[in-house]
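These are the residues of each chain, in order.
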Amino acid sequence: MNEKYTAKTARMPYRLSAIGAAMLAGSVLVAAGAPARAAEETAAAEGKFTIGGALRARYDYSFDYEDDISKLSFDTFRITLNYDSPTFYGSAQYRFYGSAYPYDYTSRIGRINFPEWAWVGYKLGDDTRVVAGINQIPFGVLPYVSSTFYQTMINAIGLEDVHNLGIKLQHTAGPLDVQLGFYPTDGGNWSGTSRDANRYSVNVVRADDSVTGGSSNDERNMVVGRLAYTLQHGEEAKSELGISALHSTLHNYDTGRDGRRKAYALHYGGSYGALRVLAEAGRQKMTPRNPSATGNDTITFGAYDGSFNVAAKGNFYSGELSYTLPGSYGPVSGITPYLNYSVFTKDRSGFKDSQRVIAGAHFSAGPLYIYTEMRWGRNDPYTGDYTNGAAAGGDDRWKKVFYANIGYYF
């Protein structure tokens with residue numbers, strides 16, 4: 001349920017309208033079920049198709065803008081399709097935004113829309129599976145580096161909660177989990193107002209005209225692997241230690257030349273009863289082939305209908321503690337407070353480090369699931385320094401925002 005903050009590439013033949021994209025999501029799952037029925041009547045009989053979704057609202061209050069923002073707005077409508085059988089399985093989720101803050105520059109709900117994922121899978125056995133389509137790349141703590149709604153600085157530099165188009169092999173052998181993926185391209189540019197950032201995941205994109213110093217790249221042929229080992233400490237205590245690596249090609253449209261992206265990470269996830277500990281540390285090194293006027297110290301990323309610059313080289317760190325309170329309080333249950341700190345330190349002299357602190361809690365209240373959090377950011381693209389916060393930096397001051405998300409899930 002974690003989220004990100006908030007026009008189109010010539011290489012994307014699969015850009016669709018909202019209706020067409022939703023039909024694609026449905027056809028992915030129908031395709032998942034059809035081979036199962038053809039191959040095995042028993043599997044077809046036991047297959048299960050489900051549909052769900054969410055309707056969410058948001059409240060934003062900012063403390064550090066010239067005109068403080070205080071808005072209660074529509075947030076998201078999303079639809080989720082799932083299929084499962086003894087052999088085949090699949091899932092797709094599609095999202096709709098618009099006509100409300102921070103997308104109040106659009107005239108209607110649904111003006112901005114894109115899939116989060118759309119994939120089919122095949123169960124090779126109890127311990128081995130293969131997944132193809134728009135699926136999450138196996139990198140770092142999965143599925144998220146934090147418990148927060150706005151995620152971490154690792155998300156802002158394109159290494160958390162990333163869903164690209166490709167194939168992934170997953171194998172478990174007792175406590176060992178191995179995942180290896182190949183992604184010829186990213187998750188696609190869909191419907192919105194941005195040149196190339198109409199998408200869920202933070203990807204390398206072609207910069208919008210408003211991005212000073214922006215570049216025009218896309219990412220191709222990503223190879224990514226993850227190795228994790230689980231240690232069982234008792235009935236209610238376990239830890240996961242892991243390592244991840246990523247390598248891809250960065251193609252620049254202006255120069256026609258190819259650069260490289262490399263990233264590595266170590267991660268730890270521990271559950272000790274109600275207490276949870278998450279940590280990740282790593283390095284990202286990108287060597288784009290931008291025009292000389294742009295330079296190679298930054299590269300443009302984007303998501304959620306907007307693009308921004310990111311420093312090409314640096315280290316990233318994230319650490320979190322969370323605790324789930326026992327019992328319920330009237331209709332309120334599952335109260336889980338959390339505290340997360342993340343930072344992106346940059347190699348280039350003069351570039352200011354990007355930092356984020358989030359203190360909050362999520363809980364359920366009857367049919368609603370709610371996040372409330374305070375977010376402090378310094379040179380943070382999601383907290384006041386959008387275009388260059390993750391690159392050279394902004395005004396190098398701490399800024400703060402209160403955020404709440406109220407969702408009805410069905």
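Residues numbered from 1 in each chain as written. Predicted model: local features only at pLDDT ≥ 70, side-chain atom pairs only at ≥ 80, totals over all residues. Heavy atoms only, no water.

1. Topic: the pairing of strand E15 (residues 313-323)
Taken residue by residue, a regular strand's side chains alternate between the two faces of the sheet.
Now for step 1: Here E15 shows a buried face lined by Gly314, Phe316, Ser318, Glu320 and Ser322 and an unburied face lined by Lys313, Asn315, Tyr317, Gly319, Leu321 and Tyr323.
Now for step 2: Summarising the sheet, strand E12 (residues 275-287) and E15 pair through eleven bridges and their orientation is antiparallel. Across the sheet, the residue bridging to leucine 278 is glutamate 320, located in E15.
Now for step 3: Both E15 and strand E17 (residues 332-346) contribute to a ladder of nine bridges, which runs antiparallel. For leucine 321, the partnering residue across the bridge sits in E17 and is leucine 339. (Buried < 20%, exposed > 50% of the residue type's maximum accessible area, 1.4 Å probe, protein only. Helix = DSSP H or I, 4+ residues; strand = E, 2+ residues; numbered from the N terminus. Pairing = 2+ DSSP bridges.)

2. Some details on the environment of histidine 251
Now for step 1: Relative to the helices and strands, histidine 251 is located in strand E10 (residues 237-252).
Now for step 2: It is 5.3 Å that separates the C-alpha atoms of histidine 251 and asparagine 217, two residues lying 34 residues apart in sequence.
Now for step 3: Residues contacting histidine 251, with those up to four places away along its chain left out, are Ser216, Asn217, Asp218, Arg220, Gly256, Arg257 and Asp258.
Now for step 4: Polar contacts involving the side chain of histidine 251 include one to the side chain of aspartate 258, which spans 2.7 Å. (Contact = heavy atoms within 4.5 Å. Polar contact = N/O pair within 3.5 Å; in protein donor to acceptor, adjacent residues only side chain to side chain.)

3. Some thoughts on the sheet that holds strand E13 (residues 298-303)
Now for step 1: Strand order in the open sheet made by the three strands is E8-E13-E14, with antiparallel pairing throughout. Across the chains shown, the open sheet's two edge strands, defined by having one partner strand only, are strand E8 (203-204) and strand E14 (306-311).
Now for step 2: Sheet topology note: the E8/E13 ladder contains two bridges and is antiparallel. Residue pairing for E13: asparagine 203 is matched across the bridge by glycine 302.

4. Some thoughts on a positive patch on the surface
Now for step 1: On the surface, Arg260, Lys262, Lys285 and Lys313 cluster together to form a positively charged patch.
Now for step 2: You can see lysine 313 is positioned in strand E15.
Now for step 3: The partly exposed category is assigned to lysine 313, whose relative accessible area is 33%. (Patch = residues over 30% accessible without salt bridge, like charges linked within 9 Å, V, L, I, M, F, W, Y side chains within 5 Å. Areas by Shrake-Rupley, 256 points an atom, 1.4 Å probe, with all protein chains shown as cover. Salt bridge = Lys/Arg side-chain N within 4 Å of Asp/Glu carboxyl O. Lys, Arg positive; Asp, Glu negative; His and termini not counted. Charge placed at Lys NZ, Arg CZ, Asp CG, Glu CD.)

5. Details of the packing of aromatic side chains
Now for step 1: Tallied over the full model, the rule gives 22 aromatic pairs.
Now for step 2: Both rings, one in tyrosine 150 and one in tyrosine 382, keep their centres 6.4 Å apart while their planes meet at 70 degrees; by these two values the pair is edge-to-face. Here tyrosine 382 lies in the loop between strand E19 (368-378) and strand E20 (398-409) and tyrosine 150 lies in the loop between strand E5 (128-136) and helix H3 (153-156), a separation of 232 residues in the sequence. Here the two residues tyrosine 150 and tyrosine 382 agree in accessibility, since each one is buried.
Now for step 3: Through pairs of rings, three or more aromatic residues link up here, namely Phe149, Tyr150, Phe308, Tyr369, Tyr371, Tyr382, Tyr386 and Tyr403. (Phe/Tyr/Trp six-rings, centres within 6.5 Å; stacked < 30°, edge-to-face > 60°.)

6. Observations regarding the nonpolar core
Now for step 1: In terms of nonpolar packing, the biggest core is built from 47 residues, with Ile137, Phe139, Leu159, Leu246, Phe301, Val310 and Phe316 touching the most fellow members.
Now for step 2: For isoleucine 137, the contacting residues outside a window of four places in its chain are Leu142, Val162, Asn164, Tyr183, Met222, Val224 and Leu246.
Now for step 3: Counting residues in hydrophobic clusters, the runner-up holds five residues, among them Ile335, Phe363, Ala365 and Ile370. (Core = buried A, V, L, I, M, F, W, Y, C linked by side-chain atoms within 4.5 Å.)

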